[in-house]
Amino acid sequence: MTEQTSENVFLQKIEAEIKIEPKDWMPDAYRKTNIRQISQHAHSEIVGMLPEGNWISRAPSLKRKLILLAKVQDEAGHGLYLYSACETLGITREETINDLHSGKAKYASIFNYPTLSWADIGAIGWLVDGAAIMNQVMLTRTSYGPYARAMVKICKEESFHQRQGFESLLVLSKGTEAQKQMCQDAINRWWWPSLMMFGPKDSESTNSDQSMKWKIKRKSNDELRQSFVDMIAEQIKLLSMKLPDDKLKWNKEKNQYDWGEINWDEFWNVIKGNGPCNKERIAARSKAWEEGEWVRIAAKTYAEKKINKQVAV
Amino acid sequence: MMNNNLFNYTLHLADTTLILGQRNAAWCGHGPVLEQDIAITNISLDLIGQSRSFYQYAATQKADGSTEDSFAYLRSEREFKNCLLVEQPNGDWAQTILRQFLFSSFQHLLFQQLQNNKDATLAAIAEKSLKEVTYHLRWSSEWVIRLGDGTEESRNKMLKAITELWPFTGEQFIPATYEENMGINLLSIKEVWLKKVTDILTEATLQVPENIFMHTGGKNGIHTEQLGFILTELQYIQKTYPGCEW
């Protein structure tokens, strides 16, 4: 088949909502975009373990400790599916991880913010996982098969995390004055960074157009962000807390909430590496990887020895 | 009237599993490879789950409003009855693996006895946990062999871990007063344990040390300096904000 015919077959599949599979022909740019997006997503899961992991040792009850530990472990599992999905596009896990440590690959900027109190764990579950779900539900219909299938599984777990996060804040919101303050403070600090998770405005988003055409993405950043605001603005009423936005107001005509403006300087700054914890996050991941090298080598060496012994027998 | 020995023994089992669970949990997000990060976290989840069952049972024995959390979060170092082995630092992967192996190989034998205990609740918790412990033992044995018989570097790290941890293995077999009438035969466990450990270490091209001084005290609340730091972190929120629901 000529490249032209291959591309036509590819585009017809996209048009007909048939998933693109690893062995199918695909344009280089489609492959690269998927590698970039899936690996970025995998890194986000893994780096995202760190801010929440901070509180595992300090969780306030044994039940909360188990819930948090299981949640952070789920993120590791998500990272694993996503690295595997990425490998189907012809890049190894090692290469992908090296790109994270060298700073070449990005991850969700939200994880460059610090977790300063126990309430942050609830706020991350509710707001950060909540924002992630908006994006991920869309991705269950993404055109690349392995990515879409990984997302189905991930979405189920993420929506469970979001409910757990909300429930943990609900307990704080009904607690003592100190707990209520802790809860409101966490919401104040995590709200705007959560809105930033949807990426730049549509008018500034460089990768969006082609991704929409290829059905990698199916909704724009601004559309998803608006749905998120509409959802959270309702849910927060149950907590008797406030979102830190004076302009937040129901707009009857548009049938959606109006709201204020994201601090885009902060957004770009954190992406460029100037967030409160960018350095710590990468340092922690690199440390785990480097200190684990002798373990990985030992496991590989032992496995080879064992095979050689079997061959000798 | 509450049986003090049973109560203290239940707390000893609870504290030991909680402290090892807490130690292992520190690997979550920092493991040498993603699959093993997940595995060690699983073990941590199992151990903390076991500790909850024991603490809940202790709470029903005490019947004074104590809860699993009041036992875990509001007692001091001197009241904790865990073995010294489980509070030892994570160190590197070799030390964590060996600590797990030395403990799981013991716990596996202990729970096999305990599942037939005259105390039905302890027996039930042991029986329920045995499946988990069997996995912990298999996983940690495989890693001991892999690291001992892997590279020179991994072998050296295992040798160092043995030197560090072996002096904390004797305590498990010396019954505290509260263990004496619990229907547990620690001497028979010791014999089988030593054979199991020798087999695995031999396969790992390592050796069981001989004539090593053994530390004791944990079961009676005399701990190494490690425990104070573990509890400071573990109990921080409950102690900073007393009497709250979480």
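Before any of the text, the structure's been laid out above.
All chains use their own residue numbering, which begins from 1 and follows the written sequence. The order in which chains are written sets their letters, starting at A; the order in which ligands are written sets their numbers, starting at 1. Note on the predicted model: pLDDT of at least 70 is required for a residue's local features to be given, and 80 or more for side-chain atom pairs to be given and counted; whole-chain, interface and lining totals, by contrast, use all residues. In computing side-chain values, all of the structure's heavy atoms are included and hydrogens and water are not.

1. Some points on the layout of surface pockets
A 1.4 Å probe that fits into a set of points on a 1 Å grid over the protein atoms alone but cannot get out defines a cavity; an open set with protein on both sides within 12 Å along at least five of seven lines defines a pocket, and lining residues are those with an atom within 4 Å of a point. Grid points are joined across faces, edges and corners, and a volume is the space filled by probe spheres set on the points. Size it by volume and the second largest pocket reaches roughly 680 Å³. Around the second largest pocket, the lining comprises 29 residues; the ones closest to its centre are Ala-25, Ala-26, Trp-27, His-30 and Asn-90 of chain B. Think of it this way: any DSSP run of H or I at least four residues long counts as a helix, any run of E at least two long counts as a strand, and we number them from the N terminus. Elements with a minimum of two residues in the lining of the second largest pocket: α2 (28-53) and α11 (278-291) of chain A together with α1 (4-25) and α9 (226-234) of chain B. Classes in brief: Ala, Val, Leu, Ile, Met, Phe, Trp, Tyr, Cys and Pro nonpolar; Asp, Glu, Lys and Arg charged; the others, Gly included, polar. In terms of residue class, the lining of the second largest pocket is made up of 13 nonpolar, 9 polar and 7 charged.

2. Focus: helix α5 (residues 93-114) of chain B
A helix is expected to reach a length of 1.5 Å times the quantity of its residues less one. Compared with an ideal rise of 1.5 Å per residue, which puts 22 residues at 32 Å, α5 of chain B spans 30 Å between its outermost C-alpha atoms and is within 8% of the ideal. With a 1.4 Å probe rolled over the protein chains alone, any residue whose accessible area is under 20% of its type maximum counts as buried; one over 50% counts as exposed, and the rest are partly exposed. α5 of chain B sits mainly inside the fold: 20 of its 22 residues count as buried.

3. Focus on the packing of helix α6 (residues 145-173) of chain A against helix α7 (residues 177-196) of chain A
Residue and element names in this part refer to chain A. At their nearest, the axes of α6 and α7 sit 7 Å apart, and the two run at 140° to each other. The angle between the axes of α6 and α7 places the two elements in the oblique class. Residue-level inspection shows Leu-169, Leu-172 and Ser-173 of α6 in contact with α7, the latter providing Gln-179, Lys-180 and Cys-183. Of the residues assigned to the contact of α6 with α7, the class counts are 3 nonpolar, 2 polar and 1 charged. For helices, the axis comes from a line fit to the C-alpha atoms of the stretch in contact; other axes are also lines fit to C-alpha atoms, and the angle between any two N-to-C directions lies between 0 and 180 degrees. By definition in this entry, angles of less than 35 degrees are roughly parallel, angles greater than 145 are roughly antiparallel, angles of 65 to 115 are roughly perpendicular, and the rest are oblique. Contacts were defined at the residue level, with two residues in contact if any of their heavy atoms lie within 4.5 Å.

4. Observations concerning the interface of chain B and chain A
On the side of chain A, 47 residues touch chain B, which itself brings 49 residues to the contact. Computed with a 1.4 Å rolling probe, the buried area is the accessible surface lost when two parts are put together, summed over both parts. With both sides pooled, the region where chain B packs onto chain A buries about 3900 Å², and carbon together with sulfur makes up 70% of that total. The salt bridge definition used is simple: a Lys or Arg side-chain nitrogen within 4 Å of an Asp or Glu carboxyl oxygen. Across the chain B-chain A interface, the total number found is 3 salt bridges. Under this definition, polar contacts are N or O atom pairs within 3.5 Å; protein pairs additionally need one hydrogen-donor-capable and one acceptor-capable atom, and for neighbouring residues in sequence, both atoms have to be side-chain atoms. Put simply, chain B and chain A have 16 residue pairs in polar contact (both at pLDDT 80 or more) between them. Those elements that place two or more of their residues in the side of chain B that touches chain A are α1, α2 (34-62), α3 (68-74), α5, α6 (120-148), α7 (152-165), α9 and α10 (236-240) of chain B. Looking at the side of chain B that touches chain A element by element, the count peaks at 13 residues for α2 of chain B. In terms of residue class, the side of chain B that touches chain A is made up of 23 nonpolar, 13 polar and 13 charged.

5. So, helix α12 (residues 293-312) of chain A
Helix length check: α12 of chain A (20 residues) gives 29 Å between terminal C-alpha atoms against 28 Å at 1.5 Å per residue, within 8%. Taken residue by residue, α12 of chain A has Trp-294, Val-295, Arg-296, Ala-298 and Tyr-302 of chain A as its buried positions. Tucked inside the fold, the buried residues of α12 of chain A contact α11 of chain A together with α5, α6, α7 and α8 (186-203) of chain B.

6. Description of the pattern of salt bridges
Residues and elements named next belong to chain A. All told, the structure shown has 25 salt bridges over all chains when counted by the stated rule. The partner of Lys-71 in a salt bridge is Glu-75, with the nearest N and O atoms 3.8 Å apart. With Lys-71 and Glu-75 both in helix α3 (residues 62-87), this residue pair falls 4 residues apart, about one helical turn. You can call Lys-71 buried: its relative accessible area is 6%. Between Asp-222 and Arg-225 there is a salt bridge, with its nearest N and O atoms 2.8 Å apart. Pair noted here: Asp-222 and Arg-225 are both in helix α9 (residues 221-239), with a separation of 3 residues, about one helical turn. For Asp-222, a relative accessible area of 30% corresponds to the partly exposed category.

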